[in-house]
Amino acid sequence: MEAPKLFLLILLIRCDLFIGKALGDGVTPDEAKELRDEVREMFYHAFNGYMDHAFPRDELRPLSCGGKDTLGGYALTLIDSLDTLALLGDRERFTASVEWIGKNLRFDINKTVSIFETTIRVLGGLISAHLIASDHNTGMRIPSYDDELLHLAEDLARRMLPAFDTPTGIPFGSVNLLHGVDENESKITSTAGGGTLTLEFGILSRLTNDPIFEQVAKNAVRGLWARRSKINLVGAHIDVFSGDWTQKDAGIGTSIDSFYEYLLKAYLLFGDEEYLFIFQEAYKAAMNYLFDDPWYVEVNMNSAALVWPLFNSLQAFWPGLQVLAGDIEPAIRTHAAFFSVWRRYGFTPEGFNLATLSVQHGQKSYPLRPELIESTYWLYKATRDPRYLDAGRDMLASLQYGARCTCGYCHISDVEFHKQEDHMESFFLAETVKYLWLLFDLAAGPDNLVENGPYKYIFSTEGHLLPATPQISIVREHCSYFGAYCRNNNLRLKTLSPESAETNSSGSQTRHAESSFLSQSSYQSSPPVSGLKGLCPGLTHGQRFGISFMTPVNPSSEDEHSSQRETTEVQSHSVVLISNPNSEAALSEPSDYLDLSGLRVTMSKSAAEPFLEAHGAEIAARYAYDDFERVEAENS
């Protein structure tokens, strides 16, 4: 899959070039509006049930009309629902909810929480709501809002950072928000748990000007991918210390699903081609070894031997991901197969055995999952085929007649007998209802933040709205696109005297995140320059790539004239300083991936310019955090 094709598809979807006139068999435009309004009523039945009977506990018990804490005891369902309120245009409740959370929520609590669930539900919910509440362009800006949700998100993420302190970079599965990782914490985590953090952590780095969050999330992805099999498959569970796979079943569903999802979405949101490269390799392997048209199976990650001929409900996100990737034909066939299971039972069971064509023993439940509805929305958006509205109408009817209960919507514990269970996960309001509403609103003539707003949106795996604003999406491009955020103040680069340069050349310096170019300036945002095209004025070649120049110290005369260092006049010519000795050959030999960590190379400016032309962008993208000490020439 080539990047130009991928971008073309996204452009076509955004520009609505696939629009057709027909809606569906019997689904007229007026009925589409009625179905959209019915979904809105569904949301408020469940949301009001939660607020009246469970808030501020985490989740609603929809049958008994009570509440329970499941993740941390901090109003989980409200946080997860914030951007759905905004999407529905409910300014009053969105404002009240944001204000309550800003005043009452705290994370300095003695609770051990899941890194994965806390990131996608709580951190993602806070970040999405912050971006909506703080931006005039969304139409939902709260005048009194003062970044309270962003501060909470940063505090929460910092409390999760100890989980990433592992030899592999892959985080522990859980962390205590007050005390860090428990000494008895399991070293086994899922691939999805370690590989589904890049969107939320990456955006947080851009909003806080601190690269640490994006860095640890990317290192986790690299840690997983580095341990893939020779056929580019990953297993389901891994030891975060040894890097050994403890479950070698490879699939696109349980324990792995969103690893694939976030590879592509991180590329779409951030433009980082490393994610695209990994996705293309991983996707190719999945289609080669896991795809048994139109189904997907689980195989041994090393041998590709069949392990499970099983459809599990988490696989149902895959056709939607294929739409984003531009591979629509297999997405259509797979969606049809998955939906046939829904129509057979009224819901999708957690597991459906493809060998026996029956519900898998012990996997008979439907916990209100959104994945099939999500793919239905994306396929309708891409094709405008009326069959997807028919599918949406059927799924809405199943939820209304099978899952609706006294105060909300119930899990179905057995899809064959439609037995209800007193449980409603927060993702029902964050995703299931959201995708249904978007589907019918699209058919009725869209009037919402996603379709008509100022930004393209990427949906997190929890369905949270993540906008591709300049501050988030092109900050790393250093103003190379029109309308980018240009710095109107001087670059805050660490200035070194010749004494400091000598200390650095000995390799004894302590590198500090605060001195890195990205932490000090690449994440800085200022109002866009109207009509700007090309590069920001005032940036040197080295600054555009995150590398600055300093005057060299003449080594032959350094010892003789050490007493005169402070009065030595700095010359106008410059050198590039990278980071600790050993090999100039590494710079002269081309390679797919430059590994410059541990090198200190001094070059004349005339030699540096062609090197930076060839490799500067890659250096800036791959080694922007700690591998460079950036210095600024100064006159002494």
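What you see as residue numbers is a count from 1 along each chain, following the sequence as written. It should be noted that, the model being predicted, local features are given only for residues of pLDDT at least 70 and side-chain atom pairs only at 80 or more, the latter also being counted only at that level, while totals for whole chains, interfaces and linings use all residues. Excluding hydrogens and water, the side-chain values take into account all heavy atoms of the structure.

For the protein chain, the name recorded in an unreviewed UniProt entry is alpha-1,2-Mannosidase, with Anisodus acutangulus as its organism. UniProt lists a comment for the protein chain under the heading Sequence similarities (unreviewed entry), and it reads "Belongs to the glycosyl hydrolase 47 family." UniProt, in its Subcellular location (unreviewed entry) section for the protein chain, records the words "Endoplasmic reticulum". UniProt positions are given in the numbering used here, feature names are shortened, and annotations may be inferred rather than shown by experiment.

(A) Up close: the packing of helix 9 (residues 212–225) against helix 11 (residues 273–289). Comment: axis = line fitted to C-alpha atoms, over the contacting stretch for helices; angle = value between 0 and 180 degrees taken between N-to-C directions. Elements are defined by DSSP. Helices are runs of H or I of four residues or more, strands are runs of E of two residues or more, and each kind is numbered from the N terminus. One way to put it is that helix 9 packs onto helix 11 with a least axis distance of 12 Å and a crossing angle of 30°. One element, helix 9, and the other, helix 11, form an angle in the roughly parallel class. You can see that helix 9 and helix 11 cross each other, and the crossing is left-handed. In this structure, helix 9 uses Lys-218, Val-221, Arg-222 and Trp-225 to contact helix 11, whose residues at the interface are Glu-274, Tyr-275, Ile-278, Glu-281 and Ala-282. Residues were grouped as follows: Ala, Val, Leu, Ile, Met, Phe, Trp, Tyr, Cys and Pro as nonpolar; Asp, Glu, Lys and Arg as charged; and all remaining residues, including Gly, as polar. Split into classes, the residues belonging to the contact of helix 9 with helix 11 amount to 5 nonpolar, no polar and 4 charged. Throughout, the term roughly parallel applies to angles under 35 degrees, roughly antiparallel to angles over 145, roughly perpendicular to angles from 65 to 115, and oblique to all others. Crossings are assigned a handedness: left-handed for a near helix turned anticlockwise from the far helix by less than a right angle, right-handed for a clockwise turn. The contact criterion used is simple: two residues touch if any of their non-hydrogen atoms lie within 4.5 Å.

(B) A look at helix 4 (residues 91–104). Taking 1.5 Å of rise per residue, 14 residues should cover 20 Å, and helix 4 covers 20 Å from first to last C-alpha, within 8% of that figure. Each residue's exposure class comes from its accessible area (1.4 Å probe, protein chains only) as a fraction of the maximum for that residue type: buried when under 20%, exposed when over 50%, partly exposed otherwise. Where helix 4 is concerned, the buried positions are Phe-94, Thr-95, Ser-97, Val-98 and Ile-101. Looking straight down helix 4, one finds that the buried residues subtend no more than 165° of arc, so they occupy a single side. The exposed residues of helix 4 that point more than 90 degrees off its buried face are Glu-92 and Lys-103. The elements touched by buried residues of helix 4 are helix 3 (76–87), helix 5 (115–133) and helix 6 (148–160). One less than the residue count of a helix, multiplied by 1.5 Å, gives the span that helix is expected to have. The arc in question is traced by the directions running from the helix axis to the C-beta atoms.

(C) The state of the cysteines, seen in detail. Cysteine sulfur pairs qualify as disulfides if the two atoms are within 2.5 Å. Throughout the structure, instances matching the rule amount to 2 disulfides. Disulfide pairing is shown between Cys-65 and Cys-407; the S-S distance is 1.7 Å. Residues Cys-65 and Cys-407 are joined by a disulfide whose S-S torsion is about 85°; by sign, that bridge is right-handed. Of this pair, Cys-65 sits in the loop between strand 1 (59–61) and strand 2 (66–68) while Cys-407 is found in the loop between helix 15 (387–403) and strand 16 (411–414), placing the two residues 342 residues apart along the sequence. Residue Cys-405 pairs covalently with Cys-410 via a disulfide, S to S 2.3 Å.

(D) Structural context of the confidence of the model for the protein chain. In predicted models, pLDDT denotes the confidence assigned by the predictor to each residue on a 0 to 100 scale. Averaged over every residue, the pLDDT of the protein chain is 79; residues scoring 70 or more account for 70%. Counting interchain partners and residues more than four positions distant, the pLDDT-below-50 stretch residues 1–24 has 50 contacts. Scored below 50 in pLDDT, residues 618–636 makes 79 contacts in the model with residues more than four places away or belonging to other chains.

(E) Just the UniProt feature "active site" (unreviewed entry) in the protein chain, in detail. Under the UniProt annotation, the feature "active site" (unreviewed entry) is placed at Glu-117, Asp-257, Glu-350 and Glu-371. Along the polypeptide, Glu-117 turns up in helix 5. Relative accessible area serves as the criterion here: at 23%, Glu-117 is assigned to the partly exposed category. Residue contacts for Glu-117: discarding those within four places in its chain leaves Leu-71 and Val-122. By secondary structure assignment, the location of Glu-350 is in the loop between helix 13 (328–345) and strand 14 (351–353). By relative accessible area, which is 18% here, Glu-350 ends up buried. When sequence neighbours within four positions are dropped, the list of residues in contact with Glu-350 reads Phe-311, Asn-312, Ser-313, Gln-363, Ser-365, Pro-367 and Arg-369.

(F) Molecular detail of the sheet that holds strand 7 (residues 245–247). Strand pairing follows a simple DSSP-based rule, namely that at least 2 bridges must link the two strands. Taken in spatial order, the 3 strands make up an open sheet running 5-6-7, and their pairing is antiparallel. Edge strands, defined here as strands with exactly one partner in the open sheet, are strand 5 (188–190) and strand 7. Between one strand axis and the next, the sheet turns through 35° on average, direction left out of account. Bridge analysis of strand 5 against strand 6 (residues 237–239) gives 3 bridges, and the strand direction is antiparallel. Bridge assignment links Thr-189 to a residue of strand 6, and that residue is Ile-238.

(G) Quick look at the sheet that holds strand 14. Within the open sheet, the 3 strands sit side by side as 13-14-15. Their pairing is antiparallel. Single-partner strands in this sheet number two, and they are strand 13 (310–312) and strand 15 (358–359). By the bridge criterion, 2 bridges tie strand 14 to strand 15 in an arrangement that is antiparallel. What sits directly across from Asn-353, in strand 15, is Ser-358. In this fold helix 13 packs onto strand 13, strand 14 and strand 15, with an angle of close to 100° to the strand it touches most, strand 14.

(H) Looking closely at the packing of aromatic side chains. Stacked, edge-to-face and tilted are the three classes for Phe, Tyr and Trp ring pairs, Trp counted by its six-membered ring, which pair at centre distances within 6.5 Å; planes under 30 degrees apart are stacked, over 60 edge-to-face, the rest tilted. Across all of its chains, the model carries 30 aromatic pairs by this definition. Ring plane angle 85° and centroid distance 5.9 Å describe the contact between Trp-378 and Phe-459, whose orientation is recorded as edge-to-face. Note that Trp-378 is positioned in helix 14 (residues 371–383) and Phe-459 in strand 18 (residues 457–459), a separation of 81 residues in sequence. Residue class for Trp-378 comes out buried when judged on its relative accessible area of 7%. For Phe-459, a relative accessible area of 2% corresponds to the buried category. An aromatic cluster is built from Phe-259, Tyr-260, Phe-279, Tyr-283, Phe-291, Tyr-296, Phe-317 and Trp-318, whose rings are joined through pairwise contacts. Lying over the aromatic face of Phe-241, Lys-187 brings its terminal NZ or CZ to 5.3 Å of the ring centre. The rule is short: NZ of Lys or CZ of Arg within 6 Å of the ring centre and within 35 degrees of the ring normal puts a charge over the ring. Taking the ring centre of Tyr-275 as reference, the NZ or CZ of Lys-218 above it sits at 5.4 Å.

(I) Representation of the pattern of salt bridges within the structure. We define a salt bridge as a contact between a side-chain nitrogen of Lys or Arg and a carboxyl oxygen of Asp or Glu at a distance within 4 Å. Counted under the stated rule, the structure contains 27 salt bridges. Residues Arg-121 and Glu-425 are paired through a salt bridge, measuring 3.1 Å at the closest nitrogen-oxygen approach. Here the residue Arg-121 occupies a position in helix 5, and Glu-425 occupies one in the loop between strand 17 (419–421) and helix 16 (427–444), the gap between them amounting to 304 residues. Its relative accessible area of 6% is what places Arg-121 among the buried residues. When the shortest N-O distance is used, the salt bridge between Arg-393 and Asp-390 registers 3.3 Å. On the criterion of helical spacing, the pair formed by Arg-393 and Asp-390 is a turn pair, its members being 3 residues apart in helix 15. Given a relative accessible area of 23%, Arg-393 falls into the partly exposed group.

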